[in-house]
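Coordinates in review
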Amino acid sequence: MKVGICHKQGSFSDTWIKYCQEHGISYQLVDAYRYDIIDQLKGCNVFMWHFAHHDYRDMLMARPLLNAVEKMGIRVFPDYETNFFSMITLRPFGPSVTF
């Protein structure tokens, strides 16, 4: 198994990298914004991207890319069902609180 990780310093990707290193899981860092992202993922069985909901670039890029990669047969995180769950907003606490 090989995991493709879209790394952003200070995000969950730091934890994913550490986990892979500690457990001997093969991984490679990929840049989801490069034109050759599909080529970067060749040989990967899993693609993980902790995209930021407050970054318009991530919001424009992440869901379509994750869905396309999933359709290619590569497991993704978050997948189609779970990437919308994190956008639930609790109005009693204000519009900026998301889970």
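Numbering of residues starts from 1 in every chain and runs along the sequence as written. Since the coordinates come from a predicted model, pLDDT governs what is reported: local features require at least 70, and pairs of side-chain atoms require 80 or more to be given and counted, while whole-chain, interface and lining totals use all residues. Derived side-chain values reflect all non-hydrogen atoms in the structure, with water molecules and hydrogen atoms excluded from consideration.

A pairing counts as a salt bridge when a side-chain nitrogen of Lys or Arg comes within 4 Å of a carboxyl oxygen of Asp or Glu. Per the stated rule, a full pass over the model turns up 5 salt bridges. The partner of Asp39 in a salt bridge is Lys42, with the nearest N and O atoms 3.1 Å apart.

In this section: the packing of aromatic side chains. Given two aromatic rings, their pairing is described by the distance between the two centres and the angle made by the two planes. When two rings of Phe, Tyr or Trp (its six-membered ring) have centres within 6.5 Å they constitute a pair, described as stacked for plane angles under 30 degrees, edge-to-face for angles over 60, and tilted for the intermediate range. Counted under the stated rule, the structure contains 4 aromatic pairs. Measuring from ring centre to ring centre gives 6.4 Å for Phe47 and Trp49, while their planes differ by 45 degrees; the resulting arrangement is tilted. Consider the rings of Trp49 and Phe51, whose centres lie 6.2 Å apart with planes at 70 degrees: the pair is edge-to-face. Taken together, the aromatic side chains of Tyr33, Phe47, Trp49 and Phe51 make up a single cluster linked through ring pairs.

Before going further, it helps to examine the nonpolar core. Here, nonpolar core means buried Ala, Val, Leu, Ile, Met, Phe, Trp, Tyr and Cys residues that are tied together by side-chain atoms lying within 4.5 Å of each other. Burial classes: relative accessible area under 20% of the type maximum marks a residue as buried, over 50% as exposed, and values in between as partly exposed (1.4 Å probe, protein chains only). Residues Leu41, Phe47, Trp49, Leu65, Leu66 and Val69 are the most contacted members of the largest nonpolar core, which totals 15 residues. Only DSSP runs of H or I with at least four residues qualify as helices, and only runs of E with at least two residues qualify as strands; both kinds are numbered from the N terminus onward. When contributions to this core are tallied by element, the ones reaching two or more residues are strand S3 (46-49) and helix H3 (56-71). The element that contributes the greatest number of residues to this core is H3, accounting for 4 residues. Residue contacts are defined here by distance: any two heavy atoms, one from each residue, within 4.5 Å place the two residues in contact. Residue contacts for Val69: discarding those within four places in its chain leaves Ile38, Leu41, Phe47, Ile74 and Val76. Counting residues in hydrophobic clusters, the runner-up holds 7 residues, among them Val3, Ile17, Cys20 and Val46.

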